[in-house]
Amino acid sequence: MTALIFDMDGVIVDSNQMHRQAWEAFNRRYGLETTEEMHQRMYGKRNDWIVRDFYGEGMTPEEVEARGRAKERLYREMMAGRIEQMLVPGLRAFLERHRDLPMGVGSNAEPENVAFVLDEAGLRRYFRAVVDGHQVRHAKPHPEVYLRVAELLETEPARCIVFEDSHSGAAAAVAAGMRVVGLSTTDDNLSGTAITVDNFRSGDLDLWLQAQIRPV
């Protein structure tokens, strides 16, 4: 059976603008102004990579973790009460239509962020497997996140369809041997995608997906 795997930021919730604002506010605490180039580098990356990129390699692992967690606390404070309006259009209806398929989440995000989004939006019931960036040794663009979700869903990678919005995420899915649907919330020119759509209301997506789903 075909399995559907979803990244979170930019796929389940259109949170990129809020992450940008949170990084800008957080970095100012340390006298660091966040450039557009810095924003572009952080998309799809795990926090340990982002913190070292922004603040340098001289930090201890404990300092890196503390800053990453502090930034995400600020992000969740800024997102409180706004999750529903920030869901990618058509997502809830799409999940309901395909609820009989095995579905999972594979994200580089902090576990607290994943729980916050899924629980605040009442979406956890749709997903049989949830893997966050702290459950794997190697974050995207390494394929480990998606391979672990496929393992938990008991589905061969070749039968998995991944929904992604970032270059690193699409690269991870391709490296895992999975088909990729690109969401244009972050970038509409991802390499390796089979189809790119604006959101889950796309009729083209429904037609394409019908052709891909195969019975057991």
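Scroll up to find the structure.
Residues numbered from 1 in each chain as written. Predicted model: local features only at pLDDT ≥ 70, side-chain atom pairs only at ≥ 80, totals over all residues. Heavy atoms only, no water.

A. Structural context of the pattern of salt bridges. Under the criterion given, the structure shown has 16 salt bridges. In this structure, the salt-bridge partner of K140 is D7, at a minimum N-O distance of 3.0 Å. Separated by 133 residues along the polypeptide, K140 in the loop between β3 (129-131) and α8 (144-153) and D7 in the loop between β1 (3-6) and α1 (16-28) bring together distant segments of the chain. Each member of the pair K140 and D7 is classed as buried. Among the salt bridges present, the one from R148 reaches E151, with a minimum N-O distance of 3.0 Å. In this pair, R148 and E151 both sit in helix α8, three residues apart, roughly one turn of the helix. Judged by its relative accessible area of 53%, E151 falls in the exposed class. (Salt bridge = Lys/Arg side-chain N within 4 Å of Asp/Glu carboxyl O. Helix = DSSP H or I, 4+ residues; strand = E, 2+ residues; numbered from the N terminus. Buried < 20%, exposed > 50% of the residue type's maximum accessible area, 1.4 Å probe, protein only.)

B. View of the side chain of E110. Considering the arrangement of structural elements, one finds E110 in the loop between β2 (103-106) and α7 (111-120). The buried charged residue E110 lacks any salt bridge partner; its closest oppositely charged side chain belongs to R69, at an N-O distance of 4.4 Å. Only 3.4 Å separates the side chain of E110 from the side chain of N47, close enough to count as a polar contact. Ignoring sequence-local partners within four residues, the contact set of E110 consists of N47, R69, E72 and H134. (Lys, Arg positive; Asp, Glu negative; His and termini not counted. Polar contact = N/O pair within 3.5 Å; in protein donor to acceptor, adjacent residues only side chain to side chain. Contact = heavy atoms within 4.5 Å.)

C. Molecular detail of the packing of α1 against helix α4 (residues 61-79). At a closest axis distance of 9 Å, the pairing of α1 and α4 adopts a crossing angle of 125°. The angle between the axes of α1 and α4 places the two elements in the oblique class. The chirality of how α1 crosses α4 is right-handed. Contacts from M18, H19, Q21, A22, W23, A25 and F26 in α1 reach R67, A70, K71, E72, L74, Y75, M78 and M79 in α4. Its residues placed into classes, the contact of α1 with α4 shows ten nonpolar, two polar and three charged. (Axes fitted to C-alpha atoms, helices over the stretch in contact; angles between N-to-C directions. Parallel < 35°, antiparallel > 145°, perpendicular 65-115°, else oblique. Left-handed = near helix turned anticlockwise from the far one by under 90°. Nonpolar A, V, L, I, M, F, W, Y, C, P; charged D, E, K, R; others polar.)

D. Spotlight on unusual backbone geometry. Along the chain, K140 connects to P141 via a cis peptide bond; the corresponding omega equals 20°. With respect to the helices, strands and loops of the structure, P141 is situated in the loop between β3 and α8. The backbone of E154 sits at a positive phi, close to 55°, despite the residue not being glycine. Taking relative accessible area as the criterion, E154 reaches 75% and is therefore assigned exposed.

E. View of the packing of aromatic side chains. Applying the stated rule across the entire model yields eleven aromatic pairs. Each ring, one from F6 and one from F163, has its centre 4.7 Å from the other, and the planes form 10°; the classification is stacked. Placement of the pair is F6 in strand β1 and F163 in strand β4 (residues 160-164), with a sequence separation of 157 residues. For the ring pair W23 and F26, a centre distance of 6.2 Å and an interplane angle of 80° mean the geometry is edge-to-face. With W23 and F26 both in helix α1, this residue pair falls three residues apart, about one helical turn. On the basis of relative accessibility, which here comes to 1%, the residue F26 falls in the buried class. Over the face of the ring belonging to W49 we find K45, whose NZ or CZ atom lies 5.0 Å from the ring centre. For R67, the ring lying beneath its charged end belongs to Y30, and the centroid distance is 3.9 Å. (Phe/Tyr/Trp six-rings, centres within 6.5 Å; stacked < 30°, edge-to-face > 60°. Lys NZ or Arg CZ within 6 Å of the ring centre and 35° of its normal.)

Everything listed is a geometric property; what it means functionally is a separate question.
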